[in-house]
Amino acid sequence: MTDAPNARRGFIKQCGIVSAGLVAGTAAKAEGAPCPPAATNPPAHNEIPFYGSHQAGITTPAQKHIYFLVADLHSDDREKIQEMFQMWTAYSLNLTRGEHVKPYSKNLYIPPTDTGEADSLNPHNLTLTFGVSPSFFSKLKMEHLRPAELADLPHFPRDQLQAAYTGGDLCIQACADDPQVAFHAVRNLVRGARLNLTMRWSQAGFNSYDSASETPRNLFAFKDGTANFSGENLDKVVWCDGDNWLNGGSYLIARRIKMFLETWDRTSLGEQHNTFGRYRDSGAPMGQHEEHEPINLALTDDKGEPAMPETSHARIAHATGHNILRRSYSYASGIDDKSQFDTGLLFISYQKDPKAFIDIQNAFGNVDKMNEYITHIGSGIFACFPGVKDENDYLGKTLFTQN
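Read on for a plain summary of the structure. The numbers attached to residues start from 1 for each chain and follow its sequence in the written order. The model is predicted, so local features are restricted to residues of pLDDT at least 70 and side-chain atom pairs to those at 80 or more, both for listing and for counting; the totals for chains, interfaces and linings are taken over all residues. The side-chain figures draw on all heavy atoms in the structure; neither hydrogens nor water molecules are used.

What follows covers helix α4 (residues 179–191). Compared with an ideal rise of 1.5 Å per residue, which puts 13 residues at 18 Å, α4 spans 18 Å between its outermost C-alpha atoms and is within 8% of the ideal. We call a residue buried when its accessible area falls under 20% of the maximum for its residue type, exposed when it is over 50%, and partly exposed in between, using a 1.4 Å probe and counting protein chains only. Numbering of helices and strands starts at the N terminus; helices are DSSP runs of H or I of at least 4 residues and strands are runs of E of at least 2. Taken as a whole, α4 has its buried residues at Val181, Ala182, His184, Ala185, Val186, Asn188, Leu189 and Val190. Its buried side turned inward, α4 meets β1 (65–73), α2 (78–97), β2 (127–132), β3 (170–176) and β4 (197–206). What qualifies as a polar contact is a pair of N or O atoms within 3.5 Å, subject to a donor-acceptor requirement within protein and to the restriction that residues adjacent in sequence count only when both atoms come from side chains. Two or three places before glutamine 180, at the opening of α4, aspartate 178 has a side-chain oxygen 2.9 Å from that residue's backbone nitrogen. What a helix is expected to span follows from its residue count: subtract one and scale by 1.5 Å. Residues count as neighbours in contact if any of their non-hydrogen atoms are within 4.5 Å of one another.

Below, the structure is given as structure tokens:
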């Protein structure tokens, strides 16, 4: 397998430049693909560090925009895919620093190295997070390295999955406080790897809040992510700690959920509360007063009935005893073939064990009142690598250096 220094030498030879500025020790060649040259911009503000023991974009406070992409490999050459991730490491470091790469040639008859739409923009807290699916391992003949927990999700009750939004071998999650910065990052990462992959599906999404301490609202106007943990408790929920290459990584589950706004908008406020099990204005559990109060399932109303209805979304999820980190974004993608808004939620969760999500989703089953207003049409599971610790490390190194 290609190590980082050798890959860097191949990168320099192909691009015809010598520069430590790209990211010393981690760049790699990508045959026939545009090579990112040395950055010329000084470090910008609104920067989230790329290096760390975990990938950024997981427990990082959620930015306002996402561009999420799922792709298929069309190469089964393990060494080429390793080099692709090395190249992505170098490029990602530049992108998250806002060091926009410039054309290293004045020749007007060749394409610029970088597409350029983010040249005048700072990083806007860009994070890039990468994961690989179960099929990634079979295509590269690395099945023996696939963790047992990384298996295709089962079919859940009420699923209406569409082929256009399922499957895929790897994912890239770009989050930023500017939508053009997020899209630019994914566009250029894909551009540099075209010989190795084909795009399968993607989704842009948004969060809106005036203060970073606020919980964003989804398109049903309810707060989304209230039950997320923080600090040490969050670490226990998210990070894998097994004795394998995924130690320090996490499992990403993505679900594209269509929301039927026209039906919801004809529903009374009381029924909306009963559906979520929370009050719309405050986000508090029904029968309680504050958004972040621990849910008390024993509370009853003045008729002796459960204050939080037994078919409510929050009650069913809480009763499983499982915790996951939600990192979801709303989407609005035009009008569908029924002349209704094509809107919904790009649900993303991170957890150290996919069983937590699976148990929660199975518990919803056919009893969750939310099923009257949503349909799950897309799905995927990915193992997200540990972080890139320093200039001698790269995305997936713990995996690719295994035999």
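The next thing to look at is the packing of aromatic side chains. Between 30 and 60 degrees the pair is tilted, below 30 it is stacked and above 60 it is edge-to-face, where a pair is any two Phe, Tyr or Trp rings, Trp via its six-membered ring, whose centres lie within 6.5 Å. Under the definition given, this model contains 22 aromatic pairs. Between phenylalanine 85 and tryptophan 88, the ring centres sit 5.3 Å apart and the planes meet at 90°, which makes this aromatic pair edge-to-face. Pair noted here: phenylalanine 85 and tryptophan 88 are both in helix α2, with a separation of three residues, about one helical turn. A relative accessible area of 1% places phenylalanine 85 in the buried class. Between phenylalanine 136 and phenylalanine 400, the ring centres sit 6.5 Å apart and the planes meet at 75°, which makes this aromatic pair edge-to-face. With a gap of 264 residues between them, phenylalanine 136 in helix α3 (residues 134–139) and phenylalanine 400 in helix α10 (residues 397–400) connect regions that are remote in the sequence. Each member of the pair, phenylalanine 136 as well as phenylalanine 400, is classed as buried.

Ranked by size, the top nonpolar core spans 69 residues in total, and within it Phe85, Trp88, Phe136 and Phe220 carry the most contacts. Non-local contacts of phenylalanine 220, meaning those with residues more than four positions away in its chain, are made with Met259, Phe260, Leu261, Trp264, Phe276, Arg280, Met370, Tyr373 and Ile374. Counting 23 residues, the second largest nonpolar core, distinct from the first, contains Cys171, Trp239, Tyr331 and Cys384. For our purposes a nonpolar core is just a set of buried Ala, Val, Leu, Ile, Met, Phe, Trp, Tyr and Cys residues, chained together by side-chain atoms within 4.5 Å.

In this section: the pairing of β3. A large share of β3 lies buried, amounting to seven of its seven residues. Every second residue of β3 is oriented toward a common face, with Leu170, Ile172, Ala174 and Ala176 on one face and Cys171, Gln173 and Cys175 on the other, all of them buried. Direction of pairing for β1 relative to β3: antiparallel, over a ladder of seven bridges. Each residue of the ladder has a partner; that of isoleucine 66, found in β3, is cysteine 175. At least two DSSP bridges between two strands are needed for those strands to be called paired. Pairing geometry for β2 and β3, over six bridges, is antiparallel. The residue bridging threonine 129 from the neighbouring strand is glutamine 173, located in β3.

Counting buried positions over the nine residues of β1 gives eight, a clear majority of the element. Relative to β4, β1 runs antiparallel, the two being bridged by nine bridges. Note on β4: the bridge partner recorded for leucine 69 is serine 202.

Moving on, we get to the pattern of salt bridges. The term salt bridge refers to a pairing of a side-chain nitrogen on Lys or Arg with a carboxyl oxygen on Asp or Glu at a separation within 4 Å. Throughout the structure, instances matching the rule amount to 14 salt bridges. Between arginine 200 and aspartate 72 there is a salt bridge, and its shortest N-O distance comes to 2.9 Å. One end of the pair, arginine 200, is in strand β4; the other, aspartate 72, is in strand β1, with 128 residues separating them in the sequence. Residue aspartate 169 is joined to lysine 139 by a salt bridge in which the shortest nitrogen-to-oxygen separation is 2.7 Å. Note that aspartate 169 is positioned in the loop between α3 and β3 and lysine 139 in helix α3, a separation of 30 residues in sequence. Residue classification places aspartate 169 among the buried residues on the basis of a relative accessible area of 2%. Note on lysine 139: relative accessible area 32%, which makes it partly exposed. Connected through salt bridges with shared partners, the residues Lys258, Asp336 and Asp342 form a single ionic network.

Scope: geometric values only; no functional claims are made or implied.
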